[in-house]
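Structural description and commentary
The lines below spell out each chain.
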Amino acid sequence: MMNPINSKLPNTGTSIFTTMSALATENNAINLGQGFPDFPMDESLAALTQKAIGDGYNQYAPMAGYPALRESISEKIKFLYNTTVSATDCITITPGGSYAIYTAFTTILRPGDEVILFEPAYDSYTPNILVNGAIPIRIALEFPNYSINWDKVKLAINEKTKAIIINSPHNPTGSVLSHEDILMLSSILKDTSIYLISDEVYEHLIFDDKQHNSILKYPDLFKRSFVCFSFGKVYNCTGWKLGYCVAPKPLMDEYRKIHQFDAFCCFTPSQVALAEHLKNKNSYLSLSKFMQAKRDFFVSCMKETKFTLLPSFGSYFICATYEHISDLPANEFSIELTKKQGVATIPVSAFYMDGKDDKVIRFCFAKKEETIIEATNRLQELSR
Ligand code: PMP
Ligand code: GLN
């Protein structure tokens, strides 16, 4: 008989996305929980991938990624952010954004290091930190606009602080960091050796003419940063699990030492396809408008319900309070909504390590119009 494993994550259960998607399936509910589109991905990108398979691109890609894709990413970064990053030294293709972030943590963290993160936080950050023996230092975003109180950040920094992780546009709240926020972060980190991990998977899903303030635009910050992206979120193919990390050469050299003995490399045909597809600027420049229209449609359909929507300036998501419907805690309310109303959502309390509950739930609006109409019709039936 084997002894039970001395768990590295004793207090971690099954992810909320798995739990709510399973509950949605079980109850035949419309899934506005886990963040994935229910409409087809771009046909031309799919065709390019099929072509790459037919053309025989089916063996291992180079460890850092298919070179032409890294070149296309480097050109895109120059075009969007006016920053030159070496395709050879500073970009690594990864199996998804989550992996890009995990590898960044694993590259820099040692037991006892502290990492500052902001809650509600994407659910992988805290377990990633804990599994590396480090300590998450959690700062709550200011409810209800979910902004960062930078004075709290200054107070949290000490000699053990190894890294800060930021995420803009933000999952789950759709809040966006402003240029002033980034300047504040830059001044706080200026004379420190703290690393920055910037989760920018929603870089192209930003609304109301807001600009994405990528860390790639700020040389003082970029020199200490791992900037992480996901093609799944850009091209509505979350199941591809393909992303990349951009970092200065000395950081990337260490990053690749971890990556080469973990994934080593990623699915080759999609990399070949994306190398070509990225050259079409419209393929990413059109996305914000497309997704903003979905947000606006969702917001207009929700007017007939008793939910109070919070603002969303980016991502796939919008949050809502439900004080006119129920007093239940958010997790119980989400379960009830799935079972009784047939609409699955995500309780925002799941994005806090201690389950802090402001009675907020998250909706994913990256859905077909008919899905949004059917789901919001079901939600209209709710009142106290
Ligand atoms: N970061 C955030 C904020 C996310 O919402 C997600 C989920 N897509 C990821 C990272 C992970 O991206 P991927 O699915 O490419 O691993
Ligand atoms: N990023 C997606 C979300 O926030 C889910 C990813 C996952 O299921 N791990 O819903």
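The structure we're discussing is the one just above.
Source: prediction; values computed, not measured.

**Points about the sheet that holds strand S2 (residues 91-94)**
Spatial ordering of the open sheet is given by S2-S8-S7-S6-S5-S3-S4, a layout of seven strands whose pairing is mixed. Looking along the sheet, the strands with just one partner apiece sit at the ends: S2 and strand S4 (135-140). Strand-to-strand twist in this sheet, taken as the mean axis angle between neighbours without regard to direction, amounts to 20°. Across four bridges, strand S6 (residues 195-199) lies against strand S7 (residues 225-230) in parallel orientation. Paired with Ser198 across the strands is Val227, a residue of S7.

**Considering the site of ligand 2**
Lining the immediate surroundings of ligand 2 are Phe17, Gln34, Gly35, Tyr122, Asn171, Lys233, Phe317 and Arg362. Within the contact set of ligand 2, an oxygen atom lies 2.7 Å away from a side-chain nitrogen or oxygen of Arg362. Compared with its free state, where it exposes 300 Å², ligand 2 has 80% of that area covered by protein. For the shell around ligand 2, the class distribution of residues is three nonpolar, three polar and two charged.

**Observations regarding the site of ligand 1**
Neighbouring ligand 1 are Gly96, Gly97, Ser98, Tyr122, Asn167, Asn171, Asp199, Val201, Tyr202, Ser230, Lys233 and Lys241. Within the side chain of Asn171, a nitrogen or oxygen atom sits 2.7 Å from an oxygen atom of ligand 1. Contact with the protein chains hides 95% of the accessible area of ligand 1, taken as 390 Å² for the molecule alone. Among the residues making up the shell around ligand 1, the classes are represented as three nonpolar, six polar and three charged.

**A closer look at the sheet that holds strand S10 (residues 317-321)**
Ordered by their spatial adjacency, four strands build an open sheet running S9-S10-S13-S12, and the pairing between neighbours is antiparallel. Each edge of the open sheet carries a strand with a single partner, namely strand S9 (308-309) and strand S12 (346-347). Where S9 lies against S10, two bridges are found, and the strand directions are antiparallel. In the sheet register, Thr308 faces S10, and the bridge partner there is Thr321.

Definitions and cut-offs
Residues numbered from 1 in each chain as written. Chains lettered and ligands numbered in written order. Predicted model: local features only at pLDDT ≥ 70, side-chain atom pairs only at ≥ 80, totals over all residues. Heavy atoms only, no water. Pairing = 2+ DSSP bridges. Helix = DSSP H or I, 4+ residues; strand = E, 2+ residues; numbered from the N terminus. Axes fitted to C-alpha atoms, helices over the stretch in contact; angles between N-to-C directions. Near = heavy atom within 4 Å. Polar contact = N/O pair within 3.5 Å; in protein donor to acceptor, adjacent residues only side chain to side chain. Areas by Shrake-Rupley, 256 points an atom, 1.4 Å probe, with all protein chains shown as cover. Nonpolar A, V, L, I, M, F, W, Y, C, P; charged D, E, K, R; others polar.

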